[in-house]
Amino acid sequence: MLTMISGLLARGRSLWRALRGHAAIETDMAEEFRLHQELRAADLVRAGLAPAEAARRARLEFGSAERYKHEGRTARGLRPFDRIHISWLDLKLGFRMLVKYPGLTVVGGLAMAFAIWVGVVVFQLVSMFAHPTLPLPDGDRLVQIRNWDVAANRADSRALSDIIVWREGLRSVTDLGAFRDVERNLIIGTGAGEPVHLAEITASGFRIAHAVPLLGRPLVESDERAGAPPVVVIGHRVWQTRFGGASDVIGRTVRLGDRYATVVGIMPEGFAFPISHEIWTPLRPDVLEHAPGAGPGITVFGRLAPGVTREEAQAELTAFGQRAAAASPTTHEHLRPQLLPYTTVFYEPTGSELGMLVSVNVFIVLLLVLVCGNVALLLFARAAARDGELVVRSALGATRSRIVTQLFAEALVLGGAATVVGLAAAQLGLRLGLQFLELNLGRLPFWYEATLSPQAILYAGGLTLLGAAIAGVMPALKITRGLGLRLREGTAGGGGLRFGGVWTAVIVTQVAFTVAFPALVFVELRELIRARSYDVGFTAEEYLSMRLEMDAADVASADTAAARTAYQVRFGAALEELRRRMAAEPAIVGVTFVDRLPRMYHPERWAEVEALSPGAAQAAEASAGQAGGPVTTPPRYTGDVVSFASIDPSYFDVLETPILAGRGFRPVDLAPDARVVIVDQGFVDDVLQGRNAVGRRVRFTDSRRPDADSVADARPWYEIVGVVKDLGMRHPIQRDPTAGVYLPAAPGSTGPLYMIAHVRGDPLALGPRVRALATAVDPTLRLSELQRLDTIADEVLWVLKLWLRVTVALSAIALLLSLAGIYAVLAFTVARRTREIGVRVALGASRRRIVAAIFRRPLTQIGLGAALGGSLIAVAAFATPEIELPPRYVALLVAYAAFMVGVCLLACVVPTRRALRVEPTEALRADG
């Protein structure tokens, strides 16, 4: 075994040396061969021959230089590489084929470009999550340190006391620092405040990122000391948008919430360390000095010391964790410090998630195989038309491998052109992909860049080679099989070639997808129209909505119950003052508050409703007691899942929504023991099945069946005091009807909180005035997500439009490939049966019979494909009953399938007309 391995290694080293010096050796051989030819020609000239004749004789005597090169490659063990050697002549011929067959070039090139486009975009996005890289010097050596709670199986970010110990003792990690991700109002002069993402960060963050300010200086250690003047460093975007790019911004004072700070530096464009921040202030001692396990959460970062591996640093960190657990068992007994790559600050994929991300590329390869299999069908038809040329080349000594290599080179040229188009489209697609991620994940870190990485470009090259191998080698192997036999039998021209079952399956699959894809388009289009037309029950375009938050007054005690209560009182007072000031504005009709806006997702719970109203239940109990029978609990039934919203009592009045039954909320309903709710018409229809709602009692649980009766009985009952119409409790993409329940809540007592203002005129024009009023009420009151209430679901609509466009593109490509494939098959069939058609015409066969014979095969393929596509639609409809297709949509799909069959049959027109124009005399002279 060892001998065999040693032999293989020696063989590999020899092959590597041969490959490494291959170009130089062949150059020397060509020069030596030319010199020998010139010397022999000179001898013949001295013997009396003319120079031209002497040169010709010398070339004949020595033969072709390529033969000697081939023998040299064989001697050096490079014969397998010689068989697949692609010359410039092969590539040049491939370019000529692109021009000679423009239809095939466009259809096949677009199909391959689409597959490469999808593959590159997905590869880049997957790489961002699975294997992100930091675009910073020594980015791979930046690490995150965190405490992992093994008891709770989660990270514990309260490491304020630990970072002091780590800073003083860790030797394997340098430039240790920390940051907090916060949001504050940026107020310049007397202007209105606008929320900005801010990093409270140690000065080491700027050293670790090798950041050089555009103006001024970064944060330094002295900024972190107690009593140091408050300073701030701003990002390039903030400098341009909020300060107009003024050069005198250094030294100006700005306000961050209720605190003032002096601008000391401006960072260059693109700098967003530690994640995606645009303003930086020092992390002060009043934040860092806390007892173990206390204080707000922070993120700790650092750089591995020179020569230290991640494993060595983890070992040292583990020792620190053991000492901390012994010194502070109450807070650190279950904490295990971990050292991770820095990019896990944003996202840390689990093993299963990582496997899923990587496996996505498998589907991309399958898509490429499917597309290139279709392109191979087109190239086979083109190569079959050149069968005579290939037979002649074989007769002149070209080996089968040489012909296959040439056809592979032609497919490679087509794939190369497709790759250029695909990469250009991938750059745009990557930006759309990042926009899609931002809609779902929020702010993305600075290392997620909308540019193609070198790895993505190499991946595109690999897909190109694979696609060229499938599209070029498969038809080449088919068409070069039996070249010598066809030459001896005189069947050059394709007479001996036939489309097999594989090609038939390819065409049938193409037609099936051509028929099936539009069904998905119809479904997506219907969902888009339904989402757009979702009626929330009031004139939403007249309302301005905004999210409201407020800074905590005391960071050190922000996680205590007393601090939360004080925060709610302060927040509620600020909201009431803001409402009072806004109500005084002439353009504002009314102001209210809610924890979830219409057309948003709402929290859901199960509802349990008493079958009898409280009065009827008491009467039933009394009647049973008088009759001497057992007193039973009033019968109940569990309803469906219901959606919740906590609202200000003025909510329905501001939305100008009448109460359908019962009454609205009153100020007394805000008392903790009031326990009243209002339900919407969907609750009456779905949960109560049309029964009267007012006066009934309802209670809620997180599951359909409570764990124990005692737990169920402990849940409070709420009395239904009113019914309103449906007011957008359902998200636009939710298909099922939603039952809604409204609970009264004082402003500031719930979170998150949204304010809704009924505005005369354009609601968005009131945005700056609302910001100014909020800043005047409290500079820590932050307003974000200002938008018109009818645009709440625009992000979802954008996603639906994106998927619709992708599906339409897939449908168009499937249709193009189907038409091209059917055309190629018929063109090849006509070319192969030219002599047969001529003989049949000469013998008096009718044109109808000839057309029927030509159409029999494509009709069968199209029919099978249409039936398979219809079956796919039926299976999908059966498997997803929640997606209903009304009869008119079914009729449209049937009409579309018939239309596609007709379009596919149109691809048969040109080859059929060509067949009918064949003259018998010309057909008899054609190669059969």
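Residues numbered from 1 in each chain as written. Predicted model: local features only at pLDDT ≥ 70, side-chain atom pairs only at ≥ 80, totals over all residues. Heavy atoms only, no water.

Some points on the overall build of the protein chain
Inference 1: Looking only at helices and strands, one finds 31 helices and 22 strands in the protein chain.
Inference 2: Counting all 928 residues of the protein chain, 46% fall into the buried class.
Inference 3: For the protein chain, the accessible surface area stands at approximately 44,800 Å², while carbon and sulfur atoms represent 60% of it. (Helix = DSSP H or I, 4+ residues; strand = E, 2+ residues; numbered from the N terminus. Buried < 20%, exposed > 50% of the residue type's maximum accessible area, 1.4 Å probe, protein only. Areas by Shrake-Rupley, 256 points an atom, 1.4 Å probe, with all protein chains shown as cover.)

Overview of the side chain of His 332
Inference 1: By secondary structure assignment, the location of His 332 is in helix α13 (residues 329–332).
Inference 2: Judged by relative accessible area, which is 5%, His 332 ranks as buried.
Inference 3: At a separation of 2.7 Å, a polar atom in the side chain of His 332 contacts the side chain of Thr 331. (Polar contact = N/O pair within 3.5 Å; in protein donor to acceptor, adjacent residues only side chain to side chain.)

Things to note about the packing of aromatic side chains
Inference 1: The final tally for this structure, using the stated rule, is 24 aromatic pairs.
Inference 2: The interplanar angle of 80° and the centroid separation of 5.1 Å between the aromatic rings of Phe 446 and Trp 447 together place this pair among those described as edge-to-face.
Inference 3: The class of Phe 446 is buried, set by a relative accessible area of 15%.
Inference 4: Each ring, one from Tyr 567 and one from Phe 571, has its centre 5.7 Å from the other, and the planes form 35°; the classification is tilted. (Phe/Tyr/Trp six-rings, centres within 6.5 Å; stacked < 30°, edge-to-face > 60°.)

Comments concerning the pairing of strand β18 (residues 697–701)
Walk down a regular strand and you will see the side chains alternate between the two sheet faces.
Inference 1: The element β18 is extensively covered by neighbouring structure, given that four of its five residues are classed as buried.
Inference 2: Bridge count for strand β14 (residues 604–610) against β18 is four bridges, and the pairing is antiparallel. Residue pairing for β18: Glu 608 is matched across the bridge by Arg 699.
Inference 3: The pairing of β18 with strand β19 (residues 718–724) spans two bridges and is classified as antiparallel. Among the inter-strand pairings, Arg 697 is bridged to a residue of β19, identified as Glu 719. (Pairing = 2+ DSSP bridges.)

Section: helix α12 (residues 310–327)
Because an α-helix packs 3.6 residues into every turn, residues spaced three or four apart end up facing the same way.
Inference 1: Taking 1.5 Å as the rise per residue, α12 with 18 residues should run 26 Å; its terminal C-alpha atoms sit 26 Å apart, in good agreement.
Inference 2: Among the residues making up α12, those that are buried are Ala 313, Leu 317, Phe 320 and Gly 321. Axial view of α12: buried residues confined to an arc of 105°, hence all on one face. Turned more than 90 degrees from where α12 packs its buried face, Glu 311, Gln 322 and Ala 326 sit exposed.
Inference 3: Buried residues along α12 sit against β1 (142–149), α8 (160–169), β3 (173–187), β10 (299–304) and β11 (335–341). (Expected span 1.5 Å × (residues − 1). Arc of directions from axis to C-beta. Contact = heavy atoms within 4.5 Å.)

Re the confidence of the model for the protein chain
Predicted coordinates in areas of low pLDDT are best not read in detail.
Inference 1: Per-residue pLDDT for the protein chain averages 78, and the proportion of residues at 70 or more is 76%.
Inference 2: Counted against residues more than four places away or in other chains, residues 706–712, with its pLDDT under 50, gives four contacts. (pLDDT = per-residue confidence, 0-100.)

Observations regarding empty space enclosed by the protein
Inference 1: Per the stated rule, a full pass over the model turns up two cavities of 30 Å³ or more.
Inference 2: Empty space within the largest cavity amounts to approximately 70 Å³.
Inference 3: Lining the largest cavity are twelve residues, and of these Leu 379, Arg 382, Ala 383, Leu 407 and Glu 410 lie nearest its centre.
Inference 4: Class assignment of the residues belonging to the lining of the largest cavity gives a composition of eight nonpolar, one polar and three charged.
Inference 5: For the second largest cavity, the full set of lining residues is Phe 593, Val 594, Ser 646, Ile 647, Asp 648, Ala 745, Ala 746, Pro 747, Thr 750 and Leu 753.
Inference 6: Of all the elements in the fold, those that place two or more residues in the lining of the second largest cavity are β13 (588–594) and β15 (636–647).
Inference 7: Class assignment for the residues of the lining of the second largest cavity results in seven nonpolar, two polar and one charged. (1 Å grid on protein atoms, 1.4 Å probe; cavity = no way out; pocket = protein on both sides within 12 Å on 5 of 7 lines; lining within 4 Å. Points joined across faces, edges and corners; volume = space filled by probe spheres on them. Nonpolar A, V, L, I, M, F, W, Y, C, P; charged D, E, K, R; others polar.)

Notes on the environment of Trp 803
Inference 1: Among the structural elements, Trp 803 can be located in helix α26 (residues 794–832).
Inference 2: As for Trp 803 and Val 521, which are separated by 282 residues in sequence, their C-alpha atoms are 9.1 Å apart.
Inference 3: Discounting chain neighbours no more than four positions away, the residues touching Trp 803 are Phe 436 and Glu 524.

Concerning a nonpolar patch on the surface
Inference 1: On the surface, a nonpolar cluster with roughly 300 Å² of combined accessible area is contributed by Leu 370, Phe 513, Leu 868 and Leu 872.
Inference 2: Positionally, Leu 872 belongs in helix α28 (residues 847–879).
Inference 3: Relative accessible area serves as the criterion here: at 39%, Leu 872 is assigned to the partly exposed category. (Patch = residues over 30% accessible without salt bridge, like charges linked within 9 Å, V, L, I, M, F, W, Y side chains within 5 Å. Salt bridge = Lys/Arg side-chain N within 4 Å of Asp/Glu carboxyl O.)

Thoughts on the pattern of salt bridges
Inference 1: Within this structure, the stated rule accounts for 25 salt bridges.
Inference 2: Ionic pairing is found between Asp 551 and Arg 184, a salt bridge with its closest N-O pair at 3.4 Å. Here Asp 551 is found in the loop between β12 (543–550) and α20 (561–583), whereas its partner Arg 184 is found in strand β3, with 367 residues between them in sequence. When sorted by exposure, Asp 551 lands in the same class as Arg 184, which is buried.
Inference 3: Between Asp 648 and Arg 579 there is a salt bridge; the shortest N-O distance is 2.9 Å. Of the two residues, Asp 648 is situated in the loop between β15 and α22 (651–654) and Arg 579 in helix α20; the sequence distance between them amounts to 69 residues.
Inference 4: Here the salt bridges share partners, and the residues they tie into one network are Arg 184, Arg 547, Glu 549, Asp 551 and Arg 782.

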